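One letter stands for each residue in the lines below.
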Amino acid sequence: MDVYAPESSFSVGKSPLQDGNTCLQSTTETVGLGEGSPKSERSNDMFRDDIFGESPAGVRKSGKGDSITVENSDLNDNWDDAEGYYGYRFGEILEGRYEIIASHGKGVFSTVVRAKDLKTKSGDPEEVAIKIIRNNETMYKAGLEELVILKKLVGADPENRRHCVRFLSTFKYRNHLCLVFESLHMNLREVLKKFGRNIGLKLTAVRAYAKQLFIALKHLKNCGVLHCDIKPDNMLVNEAKNVLKLCDFGNAMFAGKNEITPYLVSRFYRAPEIILGLTYDHPLDIWSVGCCLYELYTGKVLFPGPTNNDMLRLHMELKGPFPKKMLRKGAFTDQHFDQDLNFLSTEEDPVTKKAIKRLIVNIKPKDFGTLITGSPGDDPKMVANFKDLMEKVFFLDPEKRLNVSQALSHPFITGK
Ligand SMILES: Nc1ncnc2c1ncn2[C@@H]1O[C@H](COP(=O)(O)OP(=O)(O)OP(=O)(O)O)[C@@H](O)[C@H]1O
């Protein structure tokens with residue numbers, strides 16, 4: 001299989017019943033939900049709120065959106081709400097060119113709208129997505145950083161084959177930085193909700209998405225970019241759901257000497273090197289992709305820790321104790337381990353309700369096989385290959401973790 005070959009159509013749900021739409025089993029483009037494709041459900045998704053770090057509003061590098069109380073920089077701008085989100089209207093034309101037709105979603109950092117580009121080269125209107133950054137100095141600056149990364153990624157992919165959402169242009173409108181992208185249909189959190197709640201997607205769909213994600217990661221690596229916020233919410237698919245693109249480069253940074261912070265990446269998808277305070281690099285994104293692939297296949301979060309300390313315990317319950325060498329290098333190791341490098345679980349005393357530390361020794365790793373059992377109809381060889389890929393992605397030590405080139409040539413991806 002040519003890993004760079006475009007994807008043909010496939011169905012995503014595990015069974016016709018579960019899909020609630022028998023069309024999903026066909027290989028035609030009627031795979032979508034048809035009329036009234038869902039507007040993003042992100043803003044009222046309780047689950048989504050829970051995946052952020054200890055900090056209430058998630059983590060943005062350079063303080064971007066990290067529990068920031070946003071002061072509207074210009075209270076005379078009565079088109080903004082109190083939090084600096086732009087109060088757009090349907091039918092409104094931005095930049096004399098983009099007519100807003102629907103909403104795509106809302107994040108900590110922006111509102112994303114669907115718009116018609118009325119000034120295309122061909123003369124036919126085309127749909128675009130416009131990310132309207134909140135009117136706030138910190139977010140504006142962060143938006144400019146995102147722009148630098150987007151330009152780098154698009155410049156290095158002239159043929160649009162690397163599965164990163166296509167950045168088209170930028171403009172400033174009523175004090176908001178606006179980023180224009182190709183418009184996609186829905187994010188994978190929504191796909192999972194619609195087609196795979198609690199039971200996940202078909203392994204063939206997971207494989208197709210995995211391949212495209214690794215192509216995106218390879219592109220990021222070639223450009224020296226770390227995404228730092230890979231999660232199903234930041235993966236978009238087209239209407240046929242056979243093309244996936246990575247989006248939201250708002251946390252992305254160039255690899256190199258970056259600030260050590262225990263809250264980078266949404267918590268469930270956060271690699272152990274981040275939590276322990278080691279230097280980090282491309283393997284951190286591989287870890288997040290691994291968490292997402294497991295979640296896509298099973299419909300369940302692999303490491304649903306409510307705190308960083310719980311996350312480390314869950315990591316060890318799957319993979320066994322951390323290598324001592326790794327722990328010795330961590331800037332935050334002493335928050336979670338004693339002097340002899342035994343794990344200290346932070347728990348609530350049932351009587352006093354105060355936080356106490358409990359020493360945990362002899363943590364035994366699980367066999368990944370018990371977590372991935374395969375679903376009826378799955379090719380056993382493909383299931384075995386998937387397990388093997390997962391085992392290699394979840395090396396606690398980032399230096400031993402599967403790298404993106406190895407991932408692209410892994411039998412689960414190549415089918416060989
Ligand atoms: N090009 C696009 N096409 C379709 N939908 C999109 C597009 N870009 C973004 N969206 C939708 O808008 C949501 C928010 O986008 P994005 O993550 O870039 O914004 P954000 O403000 O940085 O959010 P977050 O709070 O997650 O960091 C996405 O999860 C997705 O549902």
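About the criteria used
- Residues numbered from 1 in each chain as written.
- Predicted model: local features only at pLDDT ≥ 70, side-chain atom pairs only at ≥ 80, totals over all residues.
- Heavy atoms only, no water.
- Pairing = 2+ DSSP bridges.
- Helix = DSSP H or I, 4+ residues; strand = E, 2+ residues; numbered from the N terminus.
- Contact = heavy atoms within 4.5 Å.
- Axes fitted to C-alpha atoms, helices over the stretch in contact; angles between N-to-C directions.
- Salt bridge = Lys/Arg side-chain N within 4 Å of Asp/Glu carboxyl O.
- pLDDT = per-residue confidence, 0-100.
- Phe/Tyr/Trp six-rings, centres within 6.5 Å; stacked < 30°, edge-to-face > 60°.
- Buried < 20%, exposed > 50% of the residue type's maximum accessible area, 1.4 Å probe, protein only.
- Lys NZ or Arg CZ within 6 Å of the ring centre and 35° of its normal.
- UniProt positions renumbered as here; feature names shortened; annotations may be inferred.
- Expected span 1.5 Å × (residues − 1).

Attention now moves to the sheet that holds strand β7 (residues 186-187). If you walk across this open sheet you meet the three strands as β7-β9-β10, and the pairing is antiparallel. The outermost strands of the open sheet, each flanked by one partner alone, are β7 and β10 (244-246). Bridge analysis of β7 against strand β9 (residues 235-237) gives two bridges, and the strand direction is antiparallel. Of the residues in β9, the one forming a bridge with Met 186 is Val 237. Sitting on the sheet, helix α5 (residues 203-222) touches β9 and β10, and the angle it makes with β10 is about 35°.

Further remarks concern the pairing of strand β5 (residues 167-173). Direction of pairing for β5 relative to strand β6 (residues 176-182): antiparallel, over a ladder of six bridges. Of the residues in β6, the one forming a bridge with Phe 171 is Cys 178. Where β5 hands over to β6, the hairpin turn is made up of two residues, of which Arg 174 adopts a positive phi near 45°.

By secondary structure assignment, the location of Val 225 is in strand β8 (residues 225-226). For the pair Val 225 and Val 361, spaced 136 residues apart in the sequence, the C-alpha separation amounts to 38 Å. Not counting residues up to four positions away in its chain, the partners in contact with Val 225 are Ile 149, Leu 153, Leu 220, Ala 252, Met 253, Phe 254, His 282 and Asp 285.

For the rest of this paragraph, the subject is the sheet that holds strand β1 (residues 93-94). The antiparallel open sheet is built from six strands, whose spatial order is β1-β2-β3-β4-β6-β5. With one partner strand each, in any of the chains shown, β1 and β5 form the two edges of the open sheet. As paired strands, β1 and strand β2 (residues 98-106) are joined by two bridges and run antiparallel to one another. Across the sheet, Ile 93 pairs through a bridge with Glu 99, a residue of β2.

Counted by the stated rule, this structure contains 19 salt bridges. In this structure, Arg 174 engages Glu 92 in a salt bridge whose closest nitrogen and oxygen atoms are separated by 3.7 Å. Separated by 82 residues along the polypeptide, Arg 174 in the loop between β5 and β6 and Glu 92 in the loop between α2 (46-50) and β1 bring together distant segments of the chain. A salt bridge links Glu 182 to Lys 245; its shortest N-O distance comes to 2.9 Å.

Attention shifts here to the confidence of the model for the protein chain. Interpretation of the predicted coordinates at a detailed level should be avoided for regions scoring low in pLDDT. In this model, the protein chain carries a mean pLDDT of 85, and residues with pLDDT of at least 70 account for 83%. Predicted confidence is poor over residues 16-76, with pLDDT under 50, and the contacts of this stretch with residues over four places away or in other chains come to 143 contacts.

Attention now moves to the packing of aromatic side chains. In total, this model carries 14 aromatic pairs according to the counting rule given. Consider the rings of Trp 287 and Phe 303, whose centres lie 5.6 Å apart with planes at 15°: the pair is stacked. Taken together, the residues Trp 287 in helix α7 (residues 283-298) and Phe 303 in the loop between α7 and α8 (308-319) connect sequence positions 16 residues apart. With a centroid separation of 5.9 Å and 10° between ring planes, the pair formed by Phe 368 and Phe 394 is classed as stacked. On the criterion of sequence distance, the pair formed by Phe 368 in helix α10 (residues 368-371) and Phe 394 in the loop between α11 (380-393) and α12 (404-408) is long-range, its members being 26 residues apart. Accessibility classification places Phe 368 together with Phe 394 in one group, the buried group. Just above the ring of Tyr 85 sits the side chain of Lys 106; from NZ or CZ to the centre is 4.2 Å.

Let's shift gears to the UniProt feature "domain: Protein kinase" (unreviewed entry) in the protein chain. The residues that UniProt annotates with the feature "domain: Protein kinase" (unreviewed entry) are residues 98-413. Its end C-alpha atoms 39 Å apart, residues 98-413 is made of 36% helix and 20% strand.

What follows deals with α7. The terminal C-alpha atoms of α7 lie 23 Å apart, and with 16 residues this matches the ideal 22 Å at 1.5 Å per residue to within 8%. Burial within α7 is extensive, with 15 of its 16 residues counted as buried. Looking one or two residues beyond α7, the residue adopting positive phi is Gly 299, at roughly 80°.

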